[in-house]
Amino acid sequence: MHNKNVRVPSKEVTKATKDALEKRGVKVEDIAEIVFKMQSPYNEGLLIEHCIDSVERVLCKREVQHSVLVGIELDVLAEKKLLSEPLQSIIASDEGLFGVDETLALGSVMTYGSIALTTYGHLDKNKIGIIKKLDTKSGEGVHTFLDDLVASIAACAASRIAHRTRDLEEEGETFADVPPVILDPTDKTNTDI
């Protein structure tokens, strides 16, 4: 019997999320490149480091972490042919009418508002950067959930930057005036997530 009062510490969940992405070939920098491509035309002085910081902060959100962990686990189980039929075939082939992958990704997108939602739709349709590589159905790898989750993380990080841009405009500044700060996951004082 499991103890339902046991809570997994945030640091462990964050580490597990990043590790799961890296094991599947996705680095924070890969996602940040998508964010940079989406936001740099609108943000003077935006650096890839700003985008890395934004992705890191998105990866600290429990909704995002849980979606990533569940989605990747399902992809891995499908690769190992450990799901029951017909789910095994549906996930392994990334069947077109299977929308659970997008639904899972949209759950975390919704925490970042309408900008994240529209950006996610754009990324889901246009498959930018590593999303395109993950969406390709060649080889043995199953990325039915992962491509949508990466799009979700990128969309959330882009939304964070868009909102920060507005704050900077009100202060008469741009990203050129803001040094990028890479999130220290052990810093409990930073609540801007």
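Residues numbered from 1 in each chain as written. Predicted model: local features only at pLDDT ≥ 70, side-chain atom pairs only at ≥ 80, totals over all residues. Heavy atoms only, no water.

J.: A description of the packing of aromatic side chains should follow, citing residues and the corresponding values.
T.: Overall, the coordinates contain one aromatic pair when judged by the stated rule. Between Phe98 and Phe145, the aromatic rings sit 5.9 Å apart at their centres with planes inclined by 85°, giving edge-to-face as the arrangement. Linking Phe98 in the loop between α5 (87-92) and α6 (100-109) with Phe145 in the loop between α8 (130-135) and α9 (146-170), this pair joins segments that are 47 residues apart in sequence. (Phe/Tyr/Trp six-rings, centres within 6.5 Å; stacked < 30°, edge-to-face > 60°. Helix = DSSP H or I, 4+ residues; strand = E, 2+ residues; numbered from the N terminus.)

J.: How would you explain the nonpolar core if you had to name every residue and give the values?
T.: Core analysis: the largest hydrophobic core is formed by 48 residues, its most contacted members being Ile34, Val55, Leu123, Val150 and Ile153. By residue number, the principal contributor to this core is α9, which donates 12 residues. (Core = buried A, V, L, I, M, F, W, Y, C linked by side-chain atoms within 4.5 Å. Buried < 20%, exposed > 50% of the residue type's maximum accessible area, 1.4 Å probe, protein only.)

J.: Could you give an account of α6, naming the residues involved and the relevant values?
T.: Residues separated by three or four positions in an α-helix point in the same direction, a consequence of the helix having 3.6 residues per turn. Buried within α6 we find Asp101, Ala105, Ser108 and Val109. Within α6, the buried residues cover an arc of 105° as seen down the axis, which keeps them to one side. Summarising the contacts, the buried residues of α6 are in contact with α4 (62-79), α7 (113-126) and α9. (Arc of directions from axis to C-beta. Contact = heavy atoms within 4.5 Å.)

J.: Got a sec to walk through the pattern of salt bridges? Specific residues and values, please.
T.: Here the idea is simple: oppositely charged side chains can pair when their charged atoms come close. Within the structure shown, the criterion is met by six salt bridges. For Arg24, the salt bridge identified is with Glu79, shortest N-O distance 2.7 Å. Of this pair, Arg24 sits in the loop between α1 (10-23) and α2 (28-39) while Glu79 sits in helix α4, placing them 55 residues apart in sequence. Its relative accessible area of 15% is what places Arg24 among the buried residues. The exposure class assigned to Glu79 is partly exposed, which follows from its relative accessible area of 30%. (Salt bridge = Lys/Arg side-chain N within 4 Å of Asp/Glu carboxyl O.)

J.: Go over the side chain of Thr144 with me, naming the residues and quoting the values.
T.: Inspection of the secondary structure assignment puts Thr144 in the loop between α8 and α9. At 2.5 Å, the side chain of Thr144 and the backbone oxygen of Ile91 are in polar contact. Not counting chain neighbours up to four residues away, the residues in contact with Thr144 comprise Asp75, Ile91, Asp94, Phe98 and Asp101. (Polar contact = N/O pair within 3.5 Å; in protein donor to acceptor, adjacent residues only side chain to side chain.)

J.: Go over the environment of Asp147 with me, naming the residues and quoting the values.
T.: Residue placement: Asp147 occurs in helix α9. For the pair formed by Asp147 and His50, sequence separation is 97 residues and the distance between their alpha carbons is 22 Å. If sequence neighbours within four positions are ignored, Asp147 has contacts with Lys127, Ile131, Leu134 and Asp135.

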